[in-house]
Amino acid sequence: GGNLYFFTKNAGSNPGVVPRMVIRHNGNIGLGIVEPGHKLQVSSGDIAIDATQKIYFDGDGSGHTYISEVGADTLKFFVGGQEMLKLLEGSDDRITVGSTSHLVVQDNKALILGGSDDVVIKHDTSNGGIIDNHTNDLIIQNDATDKDIILKTDDGSGGMTAYITLDGSATF
């Protein structure tokens, strides 16, 4: 089978045309590469998609699984037509997850719930786990060193005081 090549000449060069694109006999398309190993392979350049356009993953023909930029620097991932993940630049580079059974947050990163940071859940490698309810000034902390569970709340003067501590080294 034959291949279809597209050549262009560099401005000001003489002679010399250079292959820029190829459609191979097996259906593979190469941009910037003449031996593409995939259905579409791009070399030495970026791929740009205009804002609000979608990238579809359409194995069953339904068109329900795709990635879309829905606004300024906001990507949404849809599976089965349902929004599953939203990545938003700015506002602390938030990630929104919908309709999942669990979420994994790496050490020293926080999971923030609510539009006003209502609840912050954080696990760090030195202090253990912290649950901080910013709206009602409640902190539940699990200390990594001795496994104590500490309940802190507003002390009435703008500070936080530990009111209940469960001793993690004690046995019942």
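The preceding data block contains the structure.
Residues numbered from 1 in each chain as written. Predicted model: local features only at pLDDT ≥ 70, side-chain atom pairs only at ≥ 80, totals over all residues. Heavy atoms only, no water.

Draft legend 1. A look at the overall build of the chain. Within the chain, the regular secondary structure consists of 0 helices and 15 strands. Burial status across the chain gives 13% buried among its 172 residues. Look at the contacts in the chain between residues 6 or more apart in sequence, and 1% of them connect residues 24 or more apart. Accessible surface for the chain amounts to roughly 12100 Å². Of this, 54% is attributable to carbon and sulfur atoms. (Helix = DSSP H or I, 4+ residues; strand = E, 2+ residues; numbered from the N terminus. Buried < 20%, exposed > 50% of the residue type's maximum accessible area, 1.4 Å probe, protein only. Contact = heavy atoms within 4.5 Å. Areas by Shrake-Rupley, 256 points an atom, 1.4 Å probe, with all protein chains shown as cover.)

Draft legend 2. Region of the structure containing the pattern of salt bridges. Within the structure shown, the criterion is met by 2 salt bridges. Across the salt bridge formed by arginine 24 and glutamate 35, the nearest N and O atoms sit 3.4 Å from each other. Taken together, the residues span a long stretch of sequence, with arginine 24 in the loop between β2 (17-23) and β3 (29-31) and glutamate 35 in the loop between β3 and β4 (40-42) at a distance of 11 residues. Glutamate 35 gets classed as exposed once you look at its relative accessible area, which sits at 52%. Salt-bridge contacts for lysine 76 lead to glutamate 83; the nearest nitrogen and oxygen are separated by 3.2 Å. Exposure remark for lysine 76: the relative accessible area of 19% places this residue in the buried category. Residue classification places glutamate 83 among the partly exposed positions, given a relative accessible area of 29%. (Salt bridge = Lys/Arg side-chain N within 4 Å of Asp/Glu carboxyl O.)

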